[in-house]
Amino acid sequence: MSSENDKINEPHTDSDNGSKVETKDFIRTIIDQHNKSGRFNNIVHTRFPPEPNGYLHIGHAKAICISFGIAEEYGGVTNLRFDDTNPTKEDTKYADAIMRDIKWLGFDWGDRLFHASDYFDKLYEFAVVLIKKGVAFVDDLSAEDMREYRGTLTEAGKESPHRNRSIEENLELFEKMKNGEFDDGAKTLRAKIDMASGNMNMRDPVMYRIMRATHHRTGDKWCIYPTYDWAHGQSDSIEKITHSLCDLSFEDHRPLYDWFLDQLEVHHPQQSEFARLNISYTITSKRKLRQLVENNIVDDWDDPRMPTLSGVRRRGYTAKAVRTFIAKLGVSKKRDTVADIALLEHCLRDELNETADRRMAVIKPLKVVITNYPDDKIEEFDAINNPGDDTAGDRKVYFSKEIYIEQDDFVEVAPNRKYFRLAIGKEVRLKHTYYITCDEAIKDDEGNIVELRCTYDPESRGGSTPDGRKVRGTLHWVSTHDAVDAEVRLYNNLFAKESPDEDDDFLEHININSLEILTGCKIEPSLKDLQVGQNCQFLRHGYFCLDSKYSSKDKIVFNRSVTLKDSWAKKK
RNA sequence: UGGGGCGUCGUCAAGCGGUAAGACACUAGCCUUUGACGCUAGCAUUCGUAGGUUCGAAUCCUGCCGCCCCAGCCA
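Since this is a predicted model, take the numbers as computed values, not measurements. (Residues numbered from 1 in each chain as written. Chains lettered and ligands numbered in written order. Predicted model: local features only at pLDDT ≥ 70, side-chain atom pairs only at ≥ 80, totals over all residues. Heavy atoms only, no water.)

Caption draft 1: How the structure looks around the overall build of chain A. For chain A, the helix and strand inventory stands at 14 helices and 25 strands. In terms of overall dimensions, chain A is more spread out than a globule: its C-alpha atoms have a radius of gyration of 31 Å, far above the 25 Å expected for 572 residues. Projected onto its principal axes, the C-alpha coordinates of chain A cover approximately 105 × 60 × 40 Å. Residues classed as buried in chain A amount to 51% of the 572 residues present. Residue pairs in contact within chain A that sit at least 24 positions apart in sequence constitute 71% of those at least 6 positions apart. (Helix = DSSP H or I, 4+ residues; strand = E, 2+ residues; numbered from the N terminus. Rg over C-alpha atoms; globule rule 2.2 N^0.38 Å. Buried < 20%, exposed > 50% of the residue type's maximum accessible area, 1.4 Å probe, protein only. Contact = heavy atoms within 4.5 Å.)

Written out as structure tokens, the structure reads:
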């Protein structure tokens, strides 16, 4: 992992007395305790266990950063394990996308790519061990009856009438289950724990179900498949995982995992649960994201408005910005927290401010004729690429009699003294070149302003004058003679509500202005050289990137990754 | 009414008995050839609440209150 990321996780420093005060989250605190007691011989070996049934989103990025990041920090490694215990829902195409996204984020599982299905044989053996111990049994209850027998949150459940079958009978029945002698759903293997437990997970949970489905890796070898609860803890144990980090929803499954491991007397990882990541104005629910795709509300899983990793990548987010965001958020057990999307945006701006070259792009063009500028003259100016980075160099821009400026940079009458853009009779600076003063606005029959007539001050060449007069406004511009046409896509929050997730009818909160497509935008010619994956700043607008999906040789399409902060917009 | 968890600034989050870090957001100002960036200042007399212990409590104890998760042969 990059050294930048290490910095993020450095302990904060107490500046008052100069001494370092470590402030660690609860997971790192637990690991420190283990290292002190020697419980895992100072080894930290984690795993990230996605189910290959969908695309990774930014919520998963948190889990990835925690599992991979913490292991790395402690000199350990992380396994990637696909939890593929339900063949009806999983597919290899998702696995490929998941691996691509994890790599993009900057993490590496080395040669430790595993599957829960790698352990189907071992899991079967383990199940036999539990049957022989008399703590697992084959049940004939239907799914419906089982629900009935389970009881409720406040009432104890009833034991299955098949709970006390002999070990021999259970062994025989379980083998027949495996051999396909029963119909799908006809029987299950259950752990024999406690139907009166306050923890529903301990009320004789199902370990195996009969399901004739072709598994994407094991084919038709099995007609019984382990449940997640039965497979997960043992998979961790088999891989000698020391710290199983997962989200809060598995908190009350931990007693069950502990129980299985204790019964089996095998390596026993420590599970710790942290709160999932929620972000304002968007959703981090695989199910709901799928709805957006299937209802064609968004382009696809990689729509730049989507919080999927493929979506934010296409939007122009960098992996580093995502990692920084997650690191700044921290780790806690507080549920229902909603991270401010403004922090995510800040992390991107903060990075791109340092790394992205500046360019000029007029997204809503208004033609300007500089009446006192020679008709055929074209002047060359050096334009600095990044004022904060001397090594970024510069480029040429070419000024001429006719240019485009932004429609939003002109009003006929300046509203007040604080307004310092262009207005009739007002003077502004054109970035890198000259001062111009507006003399006249030309309108069409409907009264729309279609062209401006301005005069320039030859003395202001380079952006200042000998008399040193102050010009507060600086506008970006593009010459008409060399402007390149482009399409620009402006994105806003996908949802108009801060927490759309709290309603089931979350689709009602879709922001109808989440995408604005502008055509006929005029960009400076050097922008033609930009590559997919490169970020650049459109001066005074924000950070943009080439859209990887719709850009082609004949058509340039830009995505706005994030706007620049705009204190003027707030004042207005 | 069972079990599990959580309550510190608008948001996220430190703090682990010695008198409330930081970040984002926000506000005001400075700077500025991006109304960006940068810089300066402000922003919790108070830690869900009520008691108790203590010289001293966000931190320990007790009782309340609030919020969330769990009744898939999903993960």
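Caption draft 2: Just helix α3 (residues 58-73), in detail. When the terminal C-alpha atoms of α3 are compared, their 21 Å separation across 16 residues agrees well with the 22 Å that a helix rising 1.5 Å per residue should span. Taking burial as the measure, the 16 residues of α3 include 14 buried ones, the bulk of the element. Immediately downstream of α3, the backbone of Gly75 shows phi near 75 degrees, a positive value. (Expected span 1.5 Å × (residues − 1).)

Caption draft 3: Geometry of the state of the cysteines. The final tally for this structure, using the stated rule, is zero disulfides. Distance from the sulfur of Cys246, which forms no disulfide, to the nearest cysteine sulfur (Cys65) is 17 Å. Cys438 carries a free sulfur, and the closest cysteine sulfur to it, the one in Cys454, is 4.2 Å from it. On the basis of relative accessible area, Cys438 is assigned to the buried category, the value being 1%. (Disulfide = S-S within 2.5 Å.)

Caption draft 4: Fine view of the sheet that holds strand β19 (residues 474-475). What the seven strands build is an open sheet, ordered β19-β16-β17-β18-β12-β15-β20; its pairing is mixed. Strand pairing shows two members of the sheet lacking a second neighbour, β19 and β20 (478-479), which therefore form its edges. (Pairing = 2+ DSSP bridges.)

Caption draft 5: Inspection of a positive patch on the surface at higher detail. Taken together, the side chains of Arg417, Lys418, Lys470, Arg472 and Lys571 define a basic patch exposed on the protein surface. Here Lys418 shows up in the loop between β15 (402-406) and β16 (427-430). Using a relative accessible area of 60% as the deciding quantity, one classes Lys418 as exposed. (Patch = residues over 30% accessible without salt bridge, like charges linked within 9 Å, V, L, I, M, F, W, Y side chains within 5 Å. Areas by Shrake-Rupley, 256 points an atom, 1.4 Å probe, with all protein chains shown as cover. Salt bridge = Lys/Arg side-chain N within 4 Å of Asp/Glu carboxyl O. Lys, Arg positive; Asp, Glu negative; His and termini not counted. Charge placed at Lys NZ, Arg CZ, Asp CG, Glu CD.)

Bear in mind that shape data such as this cannot, by itself, settle questions of function.
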